[in-house]
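The chain contents come next:
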Amino acid sequence: MEIKTVGVAGCGLMGSGIAQACAEAGYSVIVREVNEDLLGKGLAKIESFLAKGVEKGKVTPEHMREVLSRLKGTTSLDAMPVCDLVIEAVVENLAAKHELFRALDGICPERTIFASNTSSLSITEMAVVTRRPERFVGLHFFNPVPLMKLVEVVRSPLTSPEVYEVAAAFAASLGKTPVRAADKSGFVVNRLLVPYLLDAIRALEEGVGSVVDIDEGMRLGCGHPMGPLTLLDFVGLDTTFAIAEIMFGEFREKRFAPPPLLKRMVQAGFYGRKSGKGFYDYSQQPPKPVPGLV
Ligand SMILES: NC(=O)c1ccc[n+]([C@@H]2O[C@H](COP(=O)([O-])OP(=O)(O)OC[C@H]3O[C@@H](n4cnc5c(N)ncnc54)[C@H](O)[C@@H]3O)[C@@H](O)[C@H]2O)c1
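Residues numbered from 1 in each chain as written. Predicted model: local features only at pLDDT ≥ 70, side-chain atom pairs only at ≥ 80, totals over all residues. Heavy atoms only, no water.

(A) How the structure looks around the site of the ligand. Taken together, 23 residues lie near the ligand, and Met14, Glu33, Glu92, Lys97 and Ser119 sit nearest. Note that an oxygen atom of the ligand is positioned 3.0 Å from one of the backbone N or O atoms of leucine 13. In this structure, methionine 14 approaches the ligand through a main-chain N or O atom, which is 2.8 Å from an oxygen atom. Burial of the ligand by the surrounding chains reaches 87%, relative to a free accessible area of 830 Å². Taken together, the elements giving at least two residues each to the shell around the ligand come down to helix 1 (13–24), helix 4 (94–107) and strand 6 (136–141). (Near = heavy atom within 4 Å. Polar contact = N/O pair within 3.5 Å; in protein donor to acceptor, adjacent residues only side chain to side chain. Areas by Shrake-Rupley, 256 points an atom, 1.4 Å probe, with all protein chains shown as cover. Helix = DSSP H or I, 4+ residues; strand = E, 2+ residues; numbered from the N terminus.)

(B) Main features of helix 9 (residues 228–235). Of all the positions in helix 9, only Pro228, Leu229, Thr230, Leu232 and Asp233 are classed as buried. On its buried face, helix 9 sits against helix 7 (189–205), helix 8 (211–222), helix 10 (237–251) and strand 9 (280–281). Looking at the residues trailing helix 9, positive phi occurs at glycine 236, about 105°. (Buried < 20%, exposed > 50% of the residue type's maximum accessible area, 1.4 Å probe, protein only. Contact = heavy atoms within 4.5 Å.)

(C) Main features of the packing of helix 10 against helix 11 (residues 260–267). Relative to each other, helix 10 and helix 11 sit at 135°, their axes nearing to 9 Å. By the angle class used here, helix 10 and helix 11 are oblique. Relative to helix 11, helix 10 is oriented so that their crossing is left-handed. Here helix 10 contributes Leu237, Asp238, Thr240 and Phe241 to the contact with helix 11, which in turn contributes Leu262, Lys263, Met265 and Val266. Of the residues assigned to the contact of helix 10 with helix 11, the class counts are five nonpolar, one polar and two charged. (Axes fitted to C-alpha atoms, helices over the stretch in contact; angles between N-to-C directions. Parallel < 35°, antiparallel > 145°, perpendicular 65-115°, else oblique. Left-handed = near helix turned anticlockwise from the far one by under 90°. Nonpolar A, V, L, I, M, F, W, Y, C, P; charged D, E, K, R; others polar.)

Function-wise, these values are silent; they only describe arrangement.
This is the structure in structure tokens:
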């Protein structure tokens, strides 16, 4: 079960980072988006990340050229059958993931391993729509993927032990530290992180402090590298809302319920950094808190 070619479905925030990390580790990578515009934007993100590394002297121009030469972008699934492993990083929506895995299952050879980067959906529920549930795992990366060292490697009750070990070794081959997790919504990190992020929004709704007070409180009081509302803008409020809905549906506990303010912000198109506005307005330098949220 040697992995040489990796397919990545989705070239958004996570897919672009996963594609980059795989190409940097020496794998041939085929990354698929739904249209040329989104594909171009995703590939441009990778190029600009590497270019910044060259500017700072952390990456040589030759290394950047080599990494980019290992990356191929596409808007079709036609090239996926050559992949030994396909990692899915499309929107956090079960129907969208089911549709993609059904299509991949129909065209990829039996040996291809499937992985999902889902934050909160069930690996088992995705695996069972394919004819290869024993070759299906979770590989949960963290944002920004090229810098973050953790990958949660998730097994379903149907995952074969051999495939699970291949997946853990693959994560390690990217220079990441694999942490093993069972298929429980949110795995280890989001189980603990999501209620904290949602509580920060509730604190804002209840007037405990302003956006800046809450962020500075956790940054300076707890030594976190950034406050929870800044982190939410990085993660994406649309993605966080989807994750909270899924975790609340799974556990039926208030701590996972999305607060009304989060829902309103998503309805208004305030997705965080990716849309230019979330808790902060990124059209301003430095970003300023958005007025009138509560
Ligand atoms: N944002 C985070 O910090 C984070 C961290 C870990 C895991 N995740 C998970 O990663 C996944 C992607 O999240 P994201 O933040 O990158 O979202 P995103 O919105 O930035 O990107 C998703 C991309 O998938 C594309 N897409 C949709 N259907 C597709 C298909 N059939 N084939 C190819 N591309 C398709 C969309 O066009 C979009 O560009 C989600 O499951 C999310 O829960 C997110």
